[in-house]
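Coordinates in review
Given next are the chains, with one letter for each unit.
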Amino acid sequence: MKNKFNAITQIVNQLRYIMNKRQKRTSILVFFSMFLCSILELLGVTAIYPFVDIIMFQDELKDKEYLSIVYDIFPNITSTGVIGLVGLGIVLVYIIKNALMVASAYLQNYFAARVERDLSTHMLRSFMRRPYEFFLNTNSGVVIRGISTDSQGVYKMLIALFELLASVITVVILGIFLLVADFTMAVGALILCALCFLGVLAVFKGRMKRAGVDIRNSQAQKFQYASQAVTGIKEIIVSDRVDSFADQFEEAAIINQHATHTSGFVNACPKRIIEGVCIGGFIGLVCLKVFSGTDLTTFIPTLATFAMSAFKILPAVSAMSTQLTTIIFYKQHLEGTYENIKSNN
């Protein structure tokens, strides 16, 4: 656990080092937008409970404390009118929530793309400030990789990091709400999610780390062979080494293919594993509640709220696993960028 915390701290410190003051200020705005979206997620979920409650107990609407403001404003409103008004309120909440989430996604992607643009230019300047001897001892593939794919890797890591933060905030906020709604079911559901999350991370972490190293190395080799083939095409043709260069490029491309395949496969697995285990466990918890003699009349609104929360929490937990493995995959790109910038400062 300490090693994982140190790794996360290292990533954050490296990102802070390569980002300028303007980018750091913008990142705070991005974080605030994600936090606001998570609060609206909670509001959308909590609104389900009173909606189901008033549908089931229409004869007791005037006794509901949370409806007192409705009856103060509309004293002669019917039960159907109350249901329609509450339903309209929920629709407005979801429209506003999703509009803000679209705006937040735009801000996240714009920020990450701007960082990539600035980094690629910064990396080029950083390489050009190095002594001439550096270029004599370094192949062109390493330089091109640093300017292009390392910057792209940092971009993808930033997007994954933003999405990870948003997922963590959503899980924490909804988890606290579920603990208040039904402590027993919430503890069981959260334990299942935590076990799945940790299990997926333990199984795939090493594989993604190796794939990240392989893809970065193979990218440098591909850039090197392609650059040499283009700039030295005359000598290659004269010496009859066309097939040799093509074979070397293909070997690097095969390594790149395996790493890309590993990344895609691993990122697709968490969703299926977590959904299968957690939904099965959730149904089991509901059955235990029924077998224990719980009053189903009062339990149904809570169950509806749990079901809606599950639709939010399960994708968030799945996304957390995918985003963490993505961060592990692109960690080498961040380290390469960090080391190059640091060596010239």
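Residues numbered from 1 in each chain as written. Predicted model: local features only at pLDDT ≥ 70, side-chain atom pairs only at ≥ 80, totals over all residues. Heavy atoms only, no water.

**Points about helix α11 (residues 242–291)**
Every α-helix winds through 3.6 residues per turn, so residues three or four apart in the chain are directed the same way. Let me state the cut-off plainly: Note on conventions: DSSP H or I runs of at least 4 residues are helices, E runs of at least 2 residues are strands, and numbering of each starts at the N terminus. Expected helix span is given by 1.5 Å per residue-to-residue step, counting one fewer step than there are residues.
Here α11 spans 74 Å end to end across 50 residues, near enough to the 74 Å set by a 1.5 Å rise per residue. Directly beyond the C-terminal end of α11, a positive phi value near 90° is found at G293.

**A look at empty space enclosed by the protein**
Short version of the rule: The rule is simple: put a 1 Å grid over the protein atoms alone, call a set of points where a 1.4 Å probe fits but cannot get out a cavity, call an open set with protein on both sides within 12 Å along at least five of seven lines a pocket, and count a residue as lining if it has an atom within 4 Å of a point. Grid points are joined across faces, edges and corners, and a volume is the space filled by probe spheres set on the points. Lys, Arg, Asp and Glu make up the charged group, whereas Ala, Val, Leu, Ile, Met, Phe, Trp, Tyr, Cys and Pro make up the nonpolar group; the residues left over, Gly among them, are polar.
The final tally for this structure, using the stated rule, is one cavity of 30 Å³ or more. Of the volumes computed, that of the largest cavity is approximately 120 Å³. Lining of the largest cavity is provided by L178, A189, L190, L192, C193, C278, F282, F306, S309, A310, I313 and L314. Of all the elements in the fold, those that place two or more residues in the lining of the largest cavity are α9 (183–231), α11 and α12 (296–343). In terms of residues, the lining of the largest cavity owes the most to one element, α12, which gives five residues. By residue class, the composition of the lining of the largest cavity is 11 nonpolar, one polar and no charged.

**A look at the confidence of the model for the protein chain**
Selection rule: As a per-residue measure, pLDDT tells how confident the predictor is, with possible values from 0 to 100.
Summary statistics for the protein chain give a mean pLDDT of 81 and a share of 96% for residues scoring 70 or more. Helix α1 (residues 2–18) is the least confidently modelled element of the protein chain, averaging 75 in pLDDT, while helix α5 (residues 79–128) averages 85, the highest of any element.

**Concerning a positive patch on the surface**
Put simply, the test is: Without a salt bridge and with relative accessible area above 30%, a residue can belong to a patch; like charges are then joined within 9 Å and nonpolar side chains (Val, Leu, Ile, Met, Phe, Trp, Tyr) within 5 Å. In these tables, accessible area is a Shrake-Rupley quantity obtained with a 1.4 Å probe, and a residue counts as shielded only by the protein chains included in the view. We count a salt bridge whenever a side-chain nitrogen from Lys or Arg sits within 4 Å of a carboxyl oxygen from Asp or Glu. In this tally Asp and Glu are treated as negative and Lys and Arg as positive; neither His nor the chain ends contributes. Charge positions are represented by NZ for Lys, CZ for Arg, CG for Asp and CD for Glu.
There is a patch of like positive charges on the surface, built from R16, K21, K24 and R25. Among the elements that take part in the positive patch, helix α2 (residues 21–46) stands out by supplying three residues, more than any other.

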